[in-house]
Amino acid sequence: MNVTRLGNRQQLQQLLAFGGLVVIFVFFSVASPYFLDWANVKGILLATAVTGIMALGATLVIATGGIDLSVGTGMTLCSVMTGVFLANLGLPLVVGVLGGLAIGALIGLLNGLNVAYLRLPPFIATLAMMMVAQGLSLVISGTKPIYFSDVPGFGQLAGGELVPGLPNAVLIFFVAAVLAGVTLSKTLTGRYALSIGSNEEATAISGVDVRRWKVVIYVVAGLFTGLAGVVMASRLNSAQPGLGLGYELEAIAAVVIGGTSLRGGKATILGTVIGALIMATLTNGLRIMSIPQEWQKVAVGIVIVLAVYADMLRRGKEA
Amino acid sequence: MNVTRLGNRQQLQQLLAFGGLVVIFVFFSVASPYFLDWANVKGILLATAVTGIMALGATLVIATGGIDLSVGTGMTLCSVMTGVFLANLGLPLVVGVLGGLAIGALIGLLNGLNVAYLRLPPFIATLAMMMVAQGLSLVISGTKPIYFSDVPGFGQLAGGELVPGLPNAVLIFFVAAVLAGVTLSKTLTGRYALSIGSNEEATAISGVDVRRWKVVIYVVAGLFTGLAGVVMASRLNSAQPGLGLGYELEAIAAVVIGGTSLRGGKATILGTVIGALIMATLTNGLRIMSIPQEWQKVAVGIVIVLAVYADMLRRGKEA
Amino acid sequence: MTDGPALLRATGISKSFPGVRALDDVHLDLRHGEVLALVGENGAGKSTLLKLLSGIHRPDAGTMELDGAPMSPAGPRQANELGISVIHQEFHLMPDLTVAQNIFIGREPRRAGLLIRDDELERRAGRLFERLGIPLDPRQPVAHLSVAGQQMVEIAKALSFDARVLIMDEPTAALTETEVATLFRIVRDFVSPRTGVIYVSHRMDEIKEISDRITVLRDGRYVDTLPTAGTATRDVIAAMVGRQLATGVRPEPAPGVADREVALAVRGLSTRALLKDVSFELYRGEILGLAGLMGAGRTEVARAIIGADRSSGAVEVNGKPVTVRSPADAVRHGIGYLSEDRKRYGLLLDQDVVRNVMLSSLPGMTRGGFVRDADGRRVAAEMVDRLSIRTPSVTQRAKNLSGGNQQKVVLAKWLVRDCDVLIVDEPTRGIDVGAKDEIYTLLTGLAAQGKSIVVISSELPEVLRLADRIVVMCEGRVTGTLANADATQHHIMELATRFGADRSLVTTGGDA
Amino acid sequence: ASGGSGGGAPGTGDKPYVALVSKGFQHQFWQAVKQGADDAAAELGVEVTFEGPETETEVEKQLTMLQTALDKSPDAIGYAALDSEASIPMMTDAQSRGIPVIAFDSGVDSDVPVTTVSTDNLAASAEAAKHMAELVGSGKIAIVGHDQTSQTGQQRVEGFTAYIHENAPDIEIVDTQYAAGDQLKSADAAKAIMQAHPDLKGIYGTNEGSAIGVVKAVQESGRSGELTVIGFDSGKAQTDAIRDGLMAGAITQDPIKMGYETVKAAVAAIDGEEVEPVIDSGFYWYDQTNIDDEEIAAVLYE
Ligand SMILES: Nc1ncnc2c1ncn2[C@@H]1O[C@H](COP(=O)(O)OP(=O)(O)OP(=O)(O)O)[C@@H](O)[C@H]1O
Ligand SMILES: Nc1ncnc2c1ncn2[C@@H]1O[C@H](COP(=O)(O)OP(=O)(O)OP(=O)(O)O)[C@@H](O)[C@H]1O
Ligand SMILES: [Mg+2]
Ligand SMILES: [Mg+2]
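Heads up: these notes are all about the structure in this document. Bear in mind that the values here come from a model prediction, so they are computed numbers and not experimental data.

Some remarks on the interface of chain B and chain A
For step 1, the next point in the chain: Across the boundary between the two partners, chain B contributes 39 residues, which contact 39 residues of chain A.
For step 2, the next point in the chain: In this assembly, chain B packs against chain A so that about 3,500 Å² is buried in total across both faces, 85% of it on carbon and sulfur atoms.
For step 3, the next point in the chain: Summed over the shared surface of chain B and chain A, the result is zero salt bridges.
For step 4, the next point in the chain: Remark: the boundary between chain B and chain A carries two residue pairs in polar contact (both at pLDDT 80 or more).
For step 5, the next point in the chain: When residues of the side of chain B that touches chain A are traced back to their parent elements, those giving at least two are α5 (122-141), α11 (247-257) and α13 (293-315) of chain B.
For step 6, the next point in the chain: Residue composition of the side of chain B that touches chain A, by class: 28 nonpolar, six polar and five charged.

So, in structure tokens, the structure goes:
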């Protein structure tokens, strides 16, 4: 079933995936008196924000049947470059932030060119980019964190609260999710991403310039990587060049748990948001319950299987 | 093109992929006097062995169009359990080793059941297993390495040299590669893996019990994970419960660099071996040349793109 | 009629899918030693009935008997074991495996129960092809075969079982007359007093030729079973569609075609694989037929023109040379191409009718960068109406439509795009007789509006029915151009076999 | 140890070549070690390379690095073993090739290394515990660890808990969570702990990333000043936090000295000189009161 139109059926579906999240929420609320506290919920949302933003971009790429392994270290490179622009070069705040986004777009551009024009498998192209970005982050930063202590207002970007009580990082995540949702279901970029994922050859024969659009899609995904990098840097008030590896797996997991198919053609942004929330909630809840670290892993693994299986049962064979 | 029968054409192809490896070899031989030293070549082969064995199993799974993220931490769980059998319970060497393999098969069985009968996306099923295996390794080992110092002969399993000058780990890798190759191209397991990867529905309609065979395929892949665990434990003379994360990506990268398609249907064991060697050789060569670590990443990323692109150019449009 | 139980009998069969009642109290009986044709409009439920007989779906109600014994195959494998062999309308092939591996999947000969003997597999396939007279290489990967080649593999696979009931769902939709002749020979060889054949086709002449009786379905209901001998084709059609149709019309000679502007000129088109110096002109408002045997290179010409495959030569649109490097370029210059392979190059199977119909025209359906879905739904609904696409709603997934209705969806996509030059490759593949006529009327209407159309078709009557002029190809060359008035089937065949060298079913699907 | 075997640095002149294989690379601690090594290299006229795996669990990766380092025939090797048991065969190999080995950071269970330049992590974390006990007095505290399986990671927790158990019966360690030394994840973990234990009085972060994460968590929860945060290692974020009073104090090792002494010992070994069997690179407690002292400022890195 086409899970991108917000038809009735689909709204129901996502309501139910949301239901899975609610079950987890209710469970932890009962299990721990500290869980359902606004401070804690805020903590969960904050913990979701950066991975969540990365996952938004990854959803677009996965919609085409591709994969993006470079989101994690790419995000790092973006925060390092934001650091260079703002802390080292002292550029104005807006320029630095836009610069960070531009680096994300550039990473996406290279990924896109490699995938579309050199016809490299996305796994390879983005794996290579993952390494290159990691290396460059270290090289450019001189393997040292870049601090934003002298950049007034930068920390407020993610840490401030435009909406009282809601950290900006979370607000940015939500706004980004809406943008990603609109992109996926209402713009040519999203439509072609789904068409390419559904049947690339048929899309090409239908007169769609598949290669060009693939590049566009990766660039848009890169913008989300860039945004994640800026938010990360702002939240830590520093660019940490050593961070990032492993985030790609978390982001992709959020996408897939949300119900987007790795084969392409089916994607849902709301699902991705819920997937990211499920991951963060699980980790948080288990920690709140003081489950030992090693058992947390086991529990998360099992819950993921159960959650996705329940979701599939509900959706029937169409999933 | 069907890259599983060793037709003439295909032999040529793999000869050429091998050619890529040779180019890298020649380059480093010229660049560093230490590179083409038997001790160093042996080091490269040793560094290939464990990831290579994991990649063999992953090739089978990827042939079906699936993916196995659990090979890394699964391997760890197998080495921890081997430690439990041999060092803690003091079972005979053979029993312990077979036990380690059996744990691998068990991991594969669970993956297979989740994928085939619960119809979970392989990414989710094996991601969950990756976490569960990681957690269990820590739980079972009490987060401490298990040492085999008191298990006579265990270290020799990987470290000894049945063939003088060639560490057993490498020998085991080569033998495992031959077994995997035969499995892929000469047994029903391999044939149905490729068939499922090529068109799962058609395979089912043709009367193949797709679900049962998927389980078989994951179990066989699990055996390779088990073998990797035993070799790893023997090589380190200890079971390191914290190890393993990240190996899955390396293994999958070796498979894909070798020319196996993540979409399934096309797979080559020789390619996987070469892919694994390319990765290990690159890392080694750059180290031997004393390239700073941060630049190594960048270089590996770029060389992977170049190598795969060159390989695709050569194979022409059929890739 | 022989005494005793029928070979295969189905009674009171009903089957529903979400939103669709595909079969409603249908019955069918196949006698020993006969070929029973099953006909009906697109979406009438033919394929669904066959899927019930072969265990792919389970009926909601009704019983099935084989030689008087009740049967309810739990799956395709069991149906095979019962002696029922099916060639489905949609291929079920594994493109990465070889022809031989495909045919014997699930039945691999092994050494010591373990190692597959591929040499033996290939030998068996070779023997099978020899017996059937099919020119296929057992070691060829299926991905390299043309649609026709794939169809032959399906036929060979079905016949490789020791079947008593052979069921064929539109096996000739992708075949030209030579292959059809081969197939009929195979069918006649197959039929014996202990066997029988169920044959589905939209080609009435074939049904006339091969079948003994004809069972007609309409809207998922049983209409009648008629003896072939003694029933006029138009009566069969009338039973199918519920009214009389006129057939066999040929176009009026187009007045003064030569005076018109050239809409598309192809000059010296060559590809490395097949085409040699192909040149022709397409006038504004003209329908140009492209005829030839399978593998003559008609599809290759189309793919080369739209830039899907690399080629040398020149293409001019409205007298101006254009560079076409990709189908996107082609569409930009107003050239659209409807592929013969709807599953691979035509449809987004997982997406709904709206998305499929909009695919070529999306940029025109946006406002301020946002896609206007309401427009898409409206346009799709119009098309469903105009082409009488049988679907519960425009949000049905393409996958769930019947074969003929899928074909109509692909056609709808190009009608919406409204290209000046339209190249249609087997446009009526799998489309029923009634709808075929509607499509002919539609194409003629488009030409009358000034669109220029190239029709590639393996059915000569179709070419003769539609085309103002006919370009005939053989082995990648143009062997002649005929005005409709001068063209006869005989004449075309003569040109199409000009070189007569041996052909194979091998086709590289282009830029795959 | 043969001085004149002519190993030489790859590619460049005839300077003696010392290969350092550390436990990590990206962390500031290891970068400070590297800096100390580079300083010594410049001063003593040797060539130095410095490498380490991504995380402190990658025992096999490290062995491969050590193997490659040995294959380059260096004049000496500096080695910070992730698992000393696992590296025994490699130590033997080094010995048979006549390459002197200097152990740093943590010891190697072998008599091959000519010396060990290290910090006593148990003692250092006990020192952290001592200050935690003094500052908190009684009540609940928690630990955010950086690594559950590496020796260093374990010792930093063990030394701390052991001290509390023995010397501060009124203090209860209610939770220990690990977050891989990732600032962000450490912050999330610390928040969850604070949430589960609203009466928590202190948190100890076992390395730079963990400590910064804890500070972040306290800050984001708006509970600055209510909790006693104690860190480990330095780095600008941590020193800033101490200056701003967000963190009570931290233990710092002297990574620069560690790197420096390692290379110095290596050169001595190459030259055939006698070296002390153990070189303690030391650790220091620093807080607002002494952070700008010369002695402390010298061992802190940005
Ligand atoms: N899996 C399915 N899900 C939903 N509807 C289906 C499915 N399969 C078939 N249908 C519907 O059942 C009806 C009968 O389809 P069927 O394929 O049997 O038609 P057909 O007679 O074979 O037509 P054609 O001549 O076009 O091949 C159609 O309306 C079709 O859309
Ligand atoms: N004699 C031949 N030798 C090798 N390949 C051939 C030969 N004849 C045809 N082919 C293959 O057949 C293809 C041409 O088939 P194409 O589909 O273009 O022809 P067509 O006339 O449209 O026939 P079809 O009915 O199959 O669509 C070419 O790609 C070519 O590879
Ligand atoms: Mg049909
Ligand atoms: Mg054709």
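Past the structure itself, the notes keep going.
Some details on the relation of the copies chain B and chain A
Each copy of the chain is related to the other by a rotation around an axis and a translation along that axis.
For step 1, the next point in the chain: Mapping chain B onto chain A calls for a rotation angle of 180° and an axial translation of 0.1 Å; the resulting RMSD is 0.1 Å. What the superposition gives is, in effect, a two-fold axis relating one chain to the other.
For step 2, the next point in the chain: When the interface residues of chain B are mapped onto chain A, 100% of them again lie at the interface, so the same face is used by both copies.

Points about the site of ligand 1
Residues and elements named next belong to chain C.
For step 1, the next point in the chain: Inspection of the region around ligand 1 gives 21 residues, with Gly43, Ser47, Thr48, Ser402 and Gly404 positioned closest.
For step 2, the next point in the chain: For ligand 1, an oxygen atom lies 3.5 Å from a polar atom in the side chain of Glu170.
For step 3, the next point in the chain: A total of 640 Å² of accessible area belongs to ligand 1 in isolation, and the protein chains cover 92% of it.
For step 4, the next point in the chain: Counting only elements with at least two residues in the shell around ligand 1, the list comes to β2 (20-30), α1 (46-53) and α14 (403-417).
For step 5, the next point in the chain: By residue class, the composition of the shell around ligand 1 is five nonpolar, 13 polar and three charged.
For step 6, the next point in the chain: A domain-level breakdown of the shell around ligand 1 finds at least three residues from each of domain 1 (8-241) and domain 3 (344-418).

What to know about the coordination of the magnesium ion (ligand 4)
Residue and element names in this part refer to chain C.
For step 1, the next point in the chain: Coordination of the magnesium ion (ligand 4) by the protein is provided by Thr299 (OG1) and Glu340 (OE), with metal-donor distances spanning 1.8 to 2.7 Å. Pair noted here: Thr299 is in helix α9 (residues 298-305) and Glu340 is in the loop between β18 (335-338) and α11 (342-346), with a separation of 41 residues, a long-range link.
For step 2, the next point in the chain: Residue classification places Thr299 among the buried positions, given a relative accessible area of 18%.
For step 3, the next point in the chain: Given the relative accessible area of 18%, Glu340 is considered buried.

Focus on the coordination of the magnesium ion (ligand 3)
All names here are of chain C.
For step 1, the next point in the chain: Coordination of the magnesium ion (ligand 3) by the protein involves Ser47 (OG) and Gln89 (OE1), with metal-donor separations of 2.0 to 2.1 Å. Of this pair, Ser47 sits in helix α1 while Gln89 sits in the loop between β6 (84-87) and α3 (99-103); the two residues are 42 residues apart in sequence, bridging distant segments of the chain.
For step 2, the next point in the chain: Since its relative accessible area comes to 18%, Ser47 is described here as buried.

Topic: the packing of helix α2 (residues 38-63) of chain B against helix α7 (residues 168-186) of chain B
Residues and elements named next belong to chain B.
For step 1, the next point in the chain: Two elements in contact, α2 and α7, have axes whose closest approach is 8 Å; the angle formed by their N-to-C orientations is 15°. It follows from the interaxial angle that α2 and α7 lie roughly parallel. The two elements α2 and α7 cross, and the hand of that crossing is left-handed. For the pair α2 and α7, the contacting residues are Leu45, Leu46, Thr48, Ala49, Gly52, Ile53, Leu56, Leu60 and Ala63 in the first and Ala169, Val170, Ile172, Phe173, Phe174, Ala176, Ala177, Ala180, Thr183 and Leu184 in the second.
For step 2, the next point in the chain: Considered class by class, the residues forming the contact of α2 with α7 number 16 nonpolar, three polar and no charged.

Cut-offs applied
Residues numbered from 1 in each chain as written. Chains lettered and ligands numbered in written order. Predicted model: local features only at pLDDT ≥ 70, side-chain atom pairs only at ≥ 80, totals over all residues. Heavy atoms only, no water. Contact = heavy atoms within 4.5 Å. Buried area = accessible area lost by both parts, 1.4 Å probe. Salt bridge = Lys/Arg side-chain N within 4 Å of Asp/Glu carboxyl O. Polar contact = N/O pair within 3.5 Å; in protein donor to acceptor, adjacent residues only side chain to side chain. Helix = DSSP H or I, 4+ residues; strand = E, 2+ residues; numbered from the N terminus. Nonpolar A, V, L, I, M, F, W, Y, C, P; charged D, E, K, R; others polar. Least-squares fit on C-alpha atoms with pLDDT ≥ 70 in both. Near = heavy atom within 4 Å. Areas by Shrake-Rupley, 256 points an atom, 1.4 Å probe, with all protein chains shown as cover. Domains from an automatic or database assignment. Donors = N, O, S within 2.8 Å, 3.2 Å for Na, K, Ca; no water. Buried < 20%, exposed > 50% of the residue type's maximum accessible area, 1.4 Å probe, protein only. Axes fitted to C-alpha atoms, helices over the stretch in contact; angles between N-to-C directions. Parallel < 35°, antiparallel > 145°, perpendicular 65-115°, else oblique. Left-handed = near helix turned anticlockwise from the far one by under 90°.

Purely geometric numbers; function is a separate question.
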